[in-house]
Amino acid sequence: MTDRTVFLDGRPVVLVEPPLKAGGQAAVFAVRGEDDVVVKLYHELPGPDQERRLTRMRTMSPLGGRPLNSAQPSELAWPTALARNAQGTFIGYAMRRFGEPRHVQLLGLFTRAQRLKRFPERADWRFLLGVGWNLAFMTARLHHEGLVIGDFSSNNVVVDADGFVTFLDCDSIAFTDKGTGEVFPCLMHTTDYSAPERQSGSHATAASDDFALAVLVYQLLTAGNHPFGGVPHDSVSQSTVEDNIAASVSYVVRPESVTIPPSTLDPTVLPPELLSLARSAFGPGVHAPAARPTAEAWLRALDNERTRVQQCPDRPLHVYGSHLKACPWCARAATTGHDVFNPPTARPAQTPTATVPPPVTPGAPDPQPTSPLQIAMAVLAAVLVLIVVVAVFH
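As a starting point, this report considers the structure included with it. (Residues numbered from 1 in each chain as written. Predicted model: local features only at pLDDT ≥ 70, side-chain atom pairs only at ≥ 80, totals over all residues. Heavy atoms only, no water.)

**Here we look at unusual backbone geometry**
(1) Moving on: Each neighbour pair has its own omega, and for E17 with P18 the value is -5 degrees, a cis peptide bond.
(2) Moving on: With respect to the helices and strands, P18 occurs in strand β2 (residues 11–22).
(3) Moving on: Following E100, the chain continues into P101 via a peptide bond in cis, with omega recorded as 5 degrees.
(4) Moving on: Note that P101 resides in the loop between β6 (90–96) and β7 (104–105).
(5) Moving on: Of note, the phi angle at D9 is positive, near 50 degrees, even though the residue is not glycine.
(6) Moving on: Here A223, not a glycine, exhibits a phi torsion of approximately 60 degrees, which is positive.
(7) Moving on: For A223, the position within the fold is in the loop between α5 (206–221) and β12 (231–232). (Helix = DSSP H or I, 4+ residues; strand = E, 2+ residues; numbered from the N terminus.)

**Quick notes on helix α9 (residues 328–336)**
(1) Moving on: Burial in α9 covers these residues: W329, C330, R332 and A333. Down the axis of α9, the smallest arc covering the buried residues is 165 degrees, so these residues share one side. Exposed residues lying more than 90 degrees from the buried face of α9 are A334 and T335.
(2) Moving on: Among the structural elements, α3 (125–144), α5 and β15 (319–320) are those in contact with the buried residues of α9.
(3) Moving on: Following α9 by one or two positions, G337 adopts a phi angle in the positive range, close to 80 degrees. (Buried < 20%, exposed > 50% of the residue type's maximum accessible area, 1.4 Å probe, protein only. Arc of directions from axis to C-beta. Contact = heavy atoms within 4.5 Å.)

**Digging into the environment of P289**
(1) Moving on: Following the sequence through the fold, P289 ends up in the loop between α7 (272–282) and α8 (295–306).
(2) Moving on: Distance in space between the C-alpha atoms of P289 and A206 is 9.4 Å, their sequence separation being 83 residues.
(3) Moving on: The contacts of P289, once residues within four sequence positions are left out, are E197 and A207.

Structure representation (structure tokens):
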């Protein structure tokens, strides 16, 4: 493939082919000689409204007044320059690069293999709780500044080794231009995190963000379980997560109505305050946005639990909620053979028995017959030997 040149606020840069990733609307490219910058190019020429959106975003400084830890990355992959072709046509924008190995998608925290690969010796339940806290804080802060995330999912958030989160695809964030009053809505959404009103085509709101946040926090605290997974008993065909959300069928609220995979964790692994928020979000809050817990409510509940967690004395990476009397991860490992947080232990090799007899300990007595049949056979054998001996000596 031939590398291409684009202009970032008039400065020529060369994009490296192939793209780092590509989606339905755009592709993201590395920049030759600039490891900390990427450029997102739209597959189809964006309209003037998208150019106005990005131009306005360039003048904004969301979260700009909040002091950051020196080791903390930027919390938003915000546009840093507009990208144009040689004819001056707007075709995309530049942003800071947040990629592997320093950052991984939030989705990577939902499986044991990825947690152990990306965050060895760190990704216990306390770590997941902290990531949930960071998500709730970011959501609450953005809402406070009049910004709506919109396309809020595990694919659009990355996490670093310290649990700090960064939001990607900020060009879809919804906001109102305070100067002109122009509204820039968000129509993009990811179905597994979309409230019913978003599935019906409504614009994103703070309440729809709160629904997505509830799903993500629940997934983090249950090591990846989606609260709308499983198949409803009255389903005529295999339901999808999107179907279950639309029908307001969640095993967290109505466990008797859903057949769930055996690997699904019991929701009571969540502390009572957090479980109550989850049941509000996945019960009445599904179709009543006002009933959904806000990001601030999640933030308070997560903050309360962070200082109360318990450390299991028996196994590493087993940390659990303050409400439990025993380690749920040890119990699950004993029941299912699957440790949610630790790598599988190697099984000792089995000695073949079909062709190689087991060694006999020197001096060990022969096993004695114990059953009535064995005793009778042994007596008969002794009698036959005695008869033979008598016959020989006669």
